[in-house]
Amino acid sequence: MVSVLNKYPDTNIEIQGHTDNSGSDVYNMKLSKRRASSVANSLRNSGVMGNRISIKGYGENSPNYTNDTEDGRTQNRRVEFLITANSKMQAEAEKESNN
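1. What about the overall build of the chain?
Here comes step 1: For the chain, the count of helices and strands is 4 helices and 3 strands.
Here comes step 2: Here the chain has a C-alpha radius of gyration of 16 Å; the compact-globule value for 99 residues is 13 Å, and the former is much larger.
Here comes step 3: Across its three principal directions, the C-alpha atoms of the chain cover 55 × 30 × 20 Å.
Here comes step 4: Here the chain holds 99 residues, and 28% of them are scored as buried.

Here is the structure:
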């Protein structure tokens, strides 16, 4: 993943942490932020520029699976990536579309 992110340096990367519904809302929010921070630090340590990376914790607020089963709770403990064009890439795309 690091090689792909470094191949496209004109992108922003949002690391999104999630949890299941075990524990309190406050604990889960902190846990999701720590989860996202851990991944962000790993990317930085692997050479991805830190100014491209942001983190967001969702706690238990965005489950993709049921929290009624252990399997569902396990799958809700996750980190997701949102990769978007930065302003430079957007400007270049706009310029190309006007030609």
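2. Focus: the pattern of salt bridges
Opposite charge on two side chains makes pairing possible when the charged atoms of those side chains draw close.
Here comes step 1: This model, assessed by the stated rule, comprises 5 salt bridges.
Here comes step 2: With a shortest N-O distance of 3.3 Å, R77 and E70 are connected by a salt bridge.
Here comes step 3: A salt bridge links E80 to R78; the shortest N-O distance between them is 2.9 Å.
Here comes step 4: Exposure remark for R78: the relative accessible area of 12% places this residue in the buried category.
Here comes step 5: A network of salt bridges, in which partner residues are shared, links D20, E70, R73 and R77.

3. Thoughts on the side chain of D20
Here comes step 1: Its place among the elements puts D20 in the loop between β1 (11–18) and α2 (25–45).
Here comes step 2: Engagement of the side chain of D20 in a polar contact is seen with the side chain of R77, the distance being 2.7 Å.
Here comes step 3: Beyond its immediate chain neighbours, meaning those up to four positions away, D20 contacts N28, E60, N67, R73, N76 and R77.

Each value, and the rule that gives it
- Residues numbered from 1 in each chain as written.
- Predicted model: local features only at pLDDT ≥ 70, side-chain atom pairs only at ≥ 80, totals over all residues.
- Heavy atoms only, no water.
- Helix = DSSP H or I, 4+ residues; strand = E, 2+ residues; numbered from the N terminus.
- Rg over C-alpha atoms; globule rule 2.2 N^0.38 Å.
- Buried < 20%, exposed > 50% of the residue type's maximum accessible area, 1.4 Å probe, protein only.
- Salt bridge = Lys/Arg side-chain N within 4 Å of Asp/Glu carboxyl O.
- Polar contact = N/O pair within 3.5 Å; in protein donor to acceptor, adjacent residues only side chain to side chain.
- Contact = heavy atoms within 4.5 Å.

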